[in-house]
Amino acid sequence: AWEALEDAGLVQARLAGKRNGLFVGLSVSDYGQLELLDRDVADAYFATGSFICMNANRLSYLLDFQGPSVALDTACSSATVALHLACSALRSGEADVCLAGGVNAILSPTGALTLTKTGALSG
């Protein structure tokens with residue numbers, strides 16, 4: 001996110017505290033599931049570090065964005081929908097600058113295996 005702002009020629013200090021939006025498409029939470037294998041890991045910071053709903057909010061907080069902060073899961077289209085929502089926020093005037101993206105780290109075969117069993121994936 002930081003590099004995206006730099007590549008766009010935007011300075012975070014000038015964006016801080018302003019009506020800027022952040023839209024992140026995410027789908028799986030393999031990291032959180034793997035972390036739960038070690039019960040000692042589930043401390044006070046576990047939820048904010050592994051729950052999908054918290055990802056955009058943590059980044060918005062770090063960047064001090066005061067506009068919409070959305071984490072969404074629409075499966076394979078999550079990043080595209082995040083971009084669509086960011087464009088909508090810009091067009092409507094809800095935000096002055098938006099950062100949009102997607103994240104997907106498949107660290108476990110469980111999700112693909114279960115979807116294959118339902119016939120949802122090609123085999």
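Before reading on, note that the structure itself is shown above.
On a predicted model such as this, the values are computed, not experimentally measured, just so you know.

Visitor: Even after reading the chapter, I still don't get the sheet that holds strand β3 (residues 97-103), so can you show me in this structure?
Guide: Through backbone hydrogen bonds, the strands of a sheet pair up, either in parallel or in antiparallel fashion. Strand order in the open sheet made by the 3 strands is β2-β1-β3, with parallel pairing throughout. Of all strands in the sheet, those bounded by a partner on one side alone are β2 (69-72) and β3. Ignoring which end each strand starts from, the neighbouring axes of this sheet average 10° apart. Here 4 bridges tie strand β1 (residues 20-26) to β2, and the two strands are oriented parallel to one another. The residue of β2 that forms the bridge with V24 is A71. In this fold helix α6 (residues 78-92) packs onto β1, β2 and β3, with an angle of close to 175° to the strand it touches most, β3.

Visitor: Explain the pattern of salt bridges here, please?
Guide: Opposite charge on two side chains lets them pair, provided their charged atoms get close. Applying the stated rule across the entire model yields 1 salt bridge. Where R19 meets D96, a salt bridge forms, and the shortest distance between an N and an O atom there is 2.8 Å. Taken together, the residues span a long stretch of sequence, with R19 in the loop between α2 (12-15) and β1 and D96 in the loop between α6 and β3 at a distance of 77 residues. A relative accessible area of 38% means that R19 is categorised as partly exposed.

Visitor: Explain helix α5 (residues 52-63) to me, please; I cannot follow it from the model alone.
Guide: Since the α-helix packs 3.6 residues into each turn, any two residues three or four apart lie on the same face. Among the residues making up α5, those that are buried are A56, S60 and L63. All buried residues of α5 fall inside an arc of 75° around its axis, so they share one side. Turned more than 90 degrees away from the buried face of α5, the exposed residues are Y61 and L62. Those residues of α5 that are buried are in contact with α1 (2-7), α2, β1, β2 and β3. D64 lies just past α5 and shows a positive phi near 60°.

Visitor: Help me out: how do you make sense of the nonpolar core in this one?
Guide: Taken as a class, soluble globular proteins show a tendency for nonpolar side chains to be buried jointly. The biggest cluster of nonpolar side chains holds 9 residues, and these are L5, L15, L22, V24, L26, A56, L63, F65 and L99. Residue assignment for this core shows that the elements contributing at least two residues are β1 and α5. Looking at this core, the element that brings in the most residues is β1, giving 3 residues. If we skip the residues at most four places from it in the chain, V24 touches A56, V70, A71, L72, A82, G101 and V103.

Visitor: Explain the environment of P109 here, please?
Guide: Along the polypeptide, P109 turns up in the loop between β3 and α7 (110-118). For the pair formed by P109 and D30, sequence separation is 79 residues and the distance between their alpha carbons is 9.2 Å.

Visitor: Hey, could you run me through the side chain of N20 in this one?
Guide: Residue placement: N20 occurs in strand β1. Of the polar contacts made by the side chain of N20, one reaches the backbone oxygen of L15; its length is 2.8 Å. Side-chain polar atoms of N20 contact the backbone nitrogen of V97, separated by 3.4 Å. Setting aside residues no more than four positions away along its own chain, N20 makes contact with L15, F65, Q66, G67, P68, A95, D96 and V97.

Each value, and the rule that gives it
- Residues numbered from 1 in each chain as written.
- Predicted model: local features only at pLDDT ≥ 70, side-chain atom pairs only at ≥ 80, totals over all residues.
- Heavy atoms only, no water.
- Pairing = 2+ DSSP bridges.
- Helix = DSSP H or I, 4+ residues; strand = E, 2+ residues; numbered from the N terminus.
- Axes fitted to C-alpha atoms, helices over the stretch in contact; angles between N-to-C directions.
- Contact = heavy atoms within 4.5 Å.
- Salt bridge = Lys/Arg side-chain N within 4 Å of Asp/Glu carboxyl O.
- Buried < 20%, exposed > 50% of the residue type's maximum accessible area, 1.4 Å probe, protein only.
- Arc of directions from axis to C-beta.
- Core = buried A, V, L, I, M, F, W, Y, C linked by side-chain atoms within 4.5 Å.
- Polar contact = N/O pair within 3.5 Å; in protein donor to acceptor, adjacent residues only side chain to side chain.

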